[in-house]
Every structure is written in C-alpha cells, then in structure tokens.
Amino acid sequence: MSTTAIKSIVAREVLDSRGNPTVACRVTLKSGATAEAMVPSGASTGAHEAIELRDGGNRYRGKGVLKAVKNVNNIIAPELKGMDATKQRALDGLMIQMDGTKNKSKFGANAILSVSLALAQAVAVHRRMPLWKSLRKTYSFSHKPSLPVPTMNVLNGGEHAGWSLDVQECMIVPQMKKMTDRIRAGAETFHVLAKLLKAKGYATTVGDEGGFAPKLKNVEEAFELLVQAIREAGYQPGKDIALASDVASTEMYDANKQIYNFRTEGKSFTAAELLKRYQEWQKKYPIVSLEDIFAEDDWEGWKKSVPVLGKKCALVGDDFFVTNVERLSRGIKEKAANAILIKLNQIGSLTETVAAIEMAHKAGFAVSVSHRSGETADTTIADLAVASGAAYIKTGSLSRSDRVEKYNRLLAIEMEMAGK
Ligand code: PGA
Ligand code: ZN
C-alpha cells in the first residue's frame, strides 16, 4: 500500500457560524498525514443547488446532519479505504457514482463535499505543501496562480440581515496590487463606515457575514455611505476602492406576476424597470460587479442585461449558475452573464467545482470564489481562489472569525507566494 493510501475517513457533526449543524470530516493517510475539512451552508440558496441533507425531526429543529455523517462513515469510508488519496478526480467521481442521483440527494452534497475537501487537505499535508500548491499538482488549471481581488460585504441585507435592506450585499472592492494593502484598505473603510453610521443614528450591529445591517432607506443610500466611507478613510472611490452588490434577486422574485418586490422600500419592478435602475447605479457609482441581478430562471432578464451593463462590470451568476457546468454552458452559449460565483457546496465536490472554474475561464468569464453565509473556520476557498487564478474572492466583511480567517489565509498565501 502506498503512503498516500487512505487509512481512515471519519465524519462528525459540528456547528457553523449561525449555530446550525454542518459536516466535518477527517481524512488520515497511511503516511500519518491527516486533515479535517468543514462544509459551509447557505441561507439564500438557489433551487438548482445540490441537496444539503438535513435530518428533519426535532433535533436541532430539523437541521441535524447525522444522516450525512452516517453516509460518510458507513457507506463512503469503507468503499474509499485503501485507495490512493492523490487520485482526487477518481475518488470524487466514485462518490458521485455511488450516490447515483443528479443532485446528490442520496448521500447529501454536504456528505460528499466534506470527504472531497478533507482528501485534498490531507494530501497537501502529506506533500508538505500549502493547499493552493497541492491543488495545482492535482488539477491542471489554465490560469496562473494569483491573489484574488476581495469583494468585501460591509453592508448586509436581505435574508442575511432580517431584510434591513432589499439587496443582500453591498461590497467594497479594494484595487491595490498587494493583498496586504487590499485588506488594510477594506478594514480601514469598514471602521470609518461604523463611525458614519453611528453619527447618523444607525445601528452598527452586524448581519450573517459580519457586515453592518442598518435599516437604510434604499440601496442608493447604501452606496452613498460607502463612497463617503471610502473618501473619509483616505481613498479615492473607483480608483482605490470600487463597489459591488449581490442583489440576490431570486429572493425577491414573484414568478407568477413576473415582478421583483423590494419589500423594504415597498416598491416592485418588472425586469425592464430593474435593468433601468441598475443602469442608474452604474452611472452614479463606481460599480465593478453585480451579482444575481435577475432571478435564477429569468434567462430573458439576464440576456438583455449583458449588452447594457456588461461592458465594464462583472455580471455574476450565483443562484443562476449554481457552480453547475450544465447551467454555465447554457449561460456562455446564450451570453446570459459574463462571470460566475463559485461555491463548493452548490455542486458538492472539489473536482466538479474545478470543472466549473475551468469552463468559465476558457469562455472568458470572470470567476469569483465564494464563501456561504453559514461558514466555519475552514479556509479552503482562499487556497482554491489562488490555485485557480480566480479574479475575485467573496468572503464577507472585515469582522467575525468565520470571514476574517479567509482574509488571514490570503495574507499568509501572499507570503508563501513570495517564498517567505
Ligand atoms: P448564501 O448567500 O450563502 O446564503 O447563499 C451568499 C450569496 O448569495 O452570495
Ligand atoms: Zn449571491
């Protein structure tokens, strides 16, 4: 048996940043190399995502994951034991085949992904390599490794903040060359924003992703505040720090009436009206990225938006593409967006996630590797973003360890890349 043979795979139930159960999995190799991965969990999930298996019943108010844990320990682990952990593609493929469903509903995407990520991490430990380097040994990426530009969600709304604001996320996007400078600029702006909010009598309590969640009038007020915070922090809006937003519009869409309800503002928009409003945002504010601007199945809305908004702005499909190559290939063919959000647990294995990244890169789509609103201390996404040469990473605000851990990992990777 080779030293990279799988000795054991052990899953268990742990908590995510919202206090809900999620799956952790430890993989140990014959060499003694061992690592544990933890799976994230979304709140504003897309209908086309792979299935996150939950137990139902009374335990943890139905949110337990003991079934997924059992699927790992009783079914996946015995099958994979003894196999070569470095064969990540084959092992992910085997788990997908054993599950046998299109959406991983038998084992649960949370079960399969926990094993998939723990395999990659244990192999990196065995290779004595940082994860991003080990991933590049496992997969052949078309792009060079690079440090992604962070899109920092400093104002939380929608499902993540009790609908304090209609759009889910208003982000700052530092444009500096070095990661250390990007993170410093983000954190400084975040603190100035707190001061501004306090001065205006707004709350500075935070939402699920560590951003502030004041009850603002509308998203325009949010953008105004961000521009002001950037200036007062000593940076130039647009040049030093740009803006971005995840509208998460699937959450607002009334499919029967074909309208988008901005409930906090008390206004409704047709797709055409909404497109006009986005144009106005682009005119007024230095926006470089807009996500889920139309609902997950509103293909017409998306297609019409690309020629109008897509010239200088990433139009990012999250719920729209769900990290799924079938949906992404249609989006590429129909020119329905120009960027994709990548979330490991939307599809449920590392190999399929890499396939989506590569398909996007080959089509010239921008890639943003993303956390979920329910996170853990796991920092795999930082390494994946670097390894794949993704343009962006989206991992929340500059507070709360579940978000900041990823930024800290990027700071470490910057040093690793410099050979320090
Ligand atoms: P989610 O939100 O993790 O709750 O889906 C993040 C996003 O919509 O980008
Ligand atoms: Zn989103």
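Structure's up top.
Keep in mind that this is a model prediction, so the values were computed, not measured. (Residues numbered from 1 in each chain as written. Chains lettered and ligands numbered in written order. Predicted model: local features only at pLDDT ≥ 70, side-chain atom pairs only at ≥ 80, totals over all residues. Heavy atoms only, no water.)

A.B. asks: So what's going on with the packing of helix 12 (residues 380–388) against helix 13 (residues 401–417)? Which residues, and what values?
C.D. replies: Taken N-terminus to C-terminus, the directions of helix 12 and helix 13 make an angle of 40°; their axes are 8 Å apart at the nearest point. The pairing of helix 12 with helix 13 is recorded here as oblique in orientation. In this structure, helix 12 crosses over helix 13, and the sense of that crossing is right-handed. Judged by residue contacts, I381, A382, D383 and V386 of helix 12 engage K406, R409, L410, I413 and M417 from helix 13. The residue makeup of the contact of helix 12 with helix 13, split by class, is 6 nonpolar, no polar and 3 charged. (Axes fitted to C-alpha atoms, helices over the stretch in contact; angles between N-to-C directions. Helix = DSSP H or I, 4+ residues; strand = E, 2+ residues; numbered from the N terminus. Parallel < 35°, antiparallel > 145°, perpendicular 65-115°, else oblique. Left-handed = near helix turned anticlockwise from the far one by under 90°. Contact = heavy atoms within 4.5 Å. Nonpolar A, V, L, I, M, F, W, Y, C, P; charged D, E, K, R; others polar.)

A.B. asks: Provide a residue-level description of the packing of aromatic side chains, including the pertinent values.
C.D. replies: The geometry of an aromatic ring pair is captured by the separation of the ring centres together with the interplanar angle, meaning the angle of the planes. According to the stated counting rule, one finds 13 aromatic pairs in the structure shown. Each ring, one from F190 and one from F212, has its centre 4.5 Å from the other, and the planes form 5°; the classification is stacked. Note that F190 is positioned in helix 5 (residues 179–199) and F212 in the loop between helix 5 and helix 6 (219–232), a separation of 22 residues in sequence. In this pair, the class of F190 matches that of F212, namely buried. (Phe/Tyr/Trp six-rings, centres within 6.5 Å; stacked < 30°, edge-to-face > 60°. Buried < 20%, exposed > 50% of the residue type's maximum accessible area, 1.4 Å probe, protein only.)

A.B. asks: Which residues make up the nonpolar core, and what are the values?
C.D. replies: Formed by 123 residues in total, the largest nonpolar core has its most connected members in L80 and W281. Looking at which element gives the most residues to this core, the answer is helix 3 (residues 109–127), with 11 residues. What W281 contacts, discounting residues up to four positions off in sequence, is V167, V219, E220, F223, V247, I287 and L290. Counting residues in hydrophobic clusters, the runner-up holds 6 residues, among them V149, M171, A242 and Y392. (Core = buried A, V, L, I, M, F, W, Y, C linked by side-chain atoms within 4.5 Å.)

A.B. asks: I'd like a rundown of the sheet that holds strand 13 (residues 366–370), residues and numbers included.
C.D. replies: Read once around its circumference, the closed barrel built from 8 strands follows the order 4-5-6-10-11-12-13-14, with strand pairing classed as mixed. Between one strand axis and the next, the sheet turns by 25° as a mean value, whatever way the strands run. In this sheet, strand 14 (residues 392–394) lies alongside strand 4 (residues 149–156) in parallel orientation, the contact comprising 3 bridges. Residue pairing across strands places T151 opposite K394, the latter belonging to strand 14. (Pairing = 2+ DSSP bridges.)

A.B. asks: Please set out the state of the cysteines residue by residue, giving values where relevant.
C.D. replies: Within the structure shown, the criterion is met by 0 disulfides. Not engaged in a disulfide, the cysteine C170 finds its nearest cysteine sulfur in C313; these two sulfurs lie 13 Å apart. For C170, a relative accessible area of 0% translates into the label buried. (Disulfide = S-S within 2.5 Å.)

A.B. asks: Talk me through the sheet that holds strand 7 (residues 253–254); I want residue IDs and the actual numbers.
C.D. replies: An order of 7-8-9 is seen for the 3 strands of this open sheet, with the pairing classed as antiparallel. One side of each edge strand has no neighbouring strand; the edge strands of this open sheet are strand 7 and strand 9 (267–269). Bridging between strand 7 and strand 8 (residues 259–262) involves 2 bridges; their strand directions are antiparallel. Residue pairing in the sheet places Y253 in a bridge with Y260 of strand 8. Contacts between helix 7 (residues 271–284) and the sheet are confined to strand 8 and strand 9, with strand 9 contributing the most and set at about 105° to the helix.

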